[in-house]
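Tertiary structure, described
Residues per chain, in single letters:
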Amino acid sequence: MSDQTIRVLIVDDHPMVAEGIQSILESYDEIEVVGTLGSGQEAVDQATALKPDVILMDLNMPGLGGLSATEIILERLPQTRILILSMHDSREYISTALSHGARGYVLKDVPTDEIKQAIDAVMRGEQYLCTGASGSLQPKGDSAREALTGREQTILLELAQGKSNKEVAAALDISVRTVETHRKNIKRKLGISSTAGLTRYALEHGVLQGTSPGF
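What comes next is a walk through the structure.

Rules used in this analysis
- Residues numbered from 1 in each chain as written.
- Predicted model: local features only at pLDDT ≥ 70, side-chain atom pairs only at ≥ 80, totals over all residues.
- Heavy atoms only, no water.
- Helix = DSSP H or I, 4+ residues; strand = E, 2+ residues; numbered from the N terminus.
- Buried < 20%, exposed > 50% of the residue type's maximum accessible area, 1.4 Å probe, protein only.
- Contact = heavy atoms within 4.5 Å.
- Areas by Shrake-Rupley, 256 points an atom, 1.4 Å probe, with all protein chains shown as cover.
- Right-handed = clockwise from strand over helix to strand, strands pointing away.
- Pairing = 2+ DSSP bridges.
- Core = buried A, V, L, I, M, F, W, Y, C linked by side-chain atoms within 4.5 Å.
- Axes fitted to C-alpha atoms, helices over the stretch in contact; angles between N-to-C directions.
- Parallel < 35°, antiparallel > 145°, perpendicular 65-115°, else oblique.
- Nonpolar A, V, L, I, M, F, W, Y, C, P; charged D, E, K, R; others polar.

Further remarks concern the overall build of the protein chain. Across its full length, the protein chain holds 10 helices and six strands. When each of the 215 residues of the protein chain is scored for burial, the buried share is 48%. Of the contacts formed within the protein chain by residues at least 6 apart in sequence, a portion of 65% connects residues at least 24 apart. Accessible surface for the protein chain amounts to roughly 10500 Å². Of this, 49% is attributable to carbon and sulfur atoms.

Our next topic: the pairing of strand β4 (residues 81–86). With respect to burial, β4 is a largely interior element, six of its six residues being buried. Once you follow strand β3 (residues 54–58) into helix α3 (residues 66–76) and on to β4, the crossover reads as right-handed. Taken together, the four bridges between β4 and strand β5 (residues 104–107) define a ladder with parallel strand orientation. The partner of Ser86 across the bridge, within β5, is Leu107. The parallel pair β4 and β5, bridged by helix α4 (residues 91–99), forms a crossover whose chirality is right-handed.

Mapping Ala202 onto the fold places it in helix α10 (residues 195–204). Using a relative accessible area of 0% as the deciding quantity, one classes Ala202 as buried. When the C-alpha atoms of Ala202 and Leu157 are compared, they prove to be 6.9 Å apart, with 45 residues separating the residues in sequence.

The biggest cluster of nonpolar side chains holds 51 residues, and the ones touching the most others in it are Leu25, Leu56, Met57 and Ile119. In terms of residues, this core owes the most to one element, helix α5 (residues 112–123), which gives six residues. With residues up to four places along the chain from it excluded, the contact list for Met57 reads Val11, Ala43, Gly66, Ala69, Thr70, Ile73, Ile82, Leu83, Ile84 and Leu85. Of all hydrophobic cores here, the second largest spans 13 residues; its members include Leu148, Ile155, Val179 and Tyr201.

Here the focus is the packing of helix α7 (residues 150–160) against helix α9 (residues 176–190). One can describe the packing of α7 onto α9 by two numbers: an axis separation of 10 Å at closest approach and a directional angle of 95°. The pairing of α7 with α9 is recorded here as roughly perpendicular in orientation. Contacts between α7 and α9 involve Arg151, Glu152, Ile155, Leu156 and Leu159 from the former and His182, Arg183, Asn185, Ile186, Lys189 and Leu190 from the latter. For the contact of α7 with α9, a count of residues per class yields five nonpolar, two polar and four charged.

Further remarks concern unusual backbone geometry. Look at Lys51: it is not a glycine, yet its phi comes out positive at around 50°. Of note, Lys51 is situated in the loop between α2 (40–50) and β3. Even without glycine at this site, Asp173 takes up a positive phi of about 60°. Examined against the element boundaries, Asp173 turns out to sit in the loop between α8 (165–172) and α9. Taking relative accessible area as the criterion, Asp173 reaches 72% and is therefore assigned exposed.

This is the structure:
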């Protein structure tokens with residue numbers, strides 16, 4: 001990897017965090033930071049032009065969150081490696097991020113050189129979980145409930161924010177019929193019949209990221 005420049009895009013809505021990571025990565029000759037963006041929507045809008053090899057993606061951002069941005073970007077740029085940077089170490093957050101196509105998960109409090117290790121690992125085609133994240137993914141024993149797919153989790157996130165089927169279809173560029181089908185499957189898998197129940201599930205299981213209750 002030493003003779004190949006790795007193009008890295010940093011997406012985090014906290015400027016000090018983004019700048020700190022940028023200064024760390026720019027100390028490595030083989031890394032070029034091609035941009036620092038403050039939202040998932042900016043990442044979706046600019047990723048094709050910036051052509052990053054690796055995106056360091058925060059989860060909790062206003063508007064389009066890191067999960068939805070990850071899925072949309074990977075649909076357009078499937079060769080891009082996305083590393084989630086987060087302060088959340090819960091099993092639900094980590095497994096959800098991986099199911100959306102992220103190649104790794106790194107907690108924000110890791111030693112600075114571990115971010116570089118994570119980038120090198122995903123560039124080699126490996127999955128990377130920092131120590132805290134991998135520990136959270138150890139089997140808990142009672143996962144009998146049928147798991148949601150990455151697409152279903154994205155639609156759950158949209159529905160849990162109170163969006164209609166039509167609004168979800170427009171946001172994800174899919175048909176209303178497809179949204180309806182996914183919605184039925186989500187309710188069946190979770191054993192939930194109401195939108196309020198979906199919202200409550202999303203909040204309790206770390207799916208509603210980058211959003212807050214409208215109080």
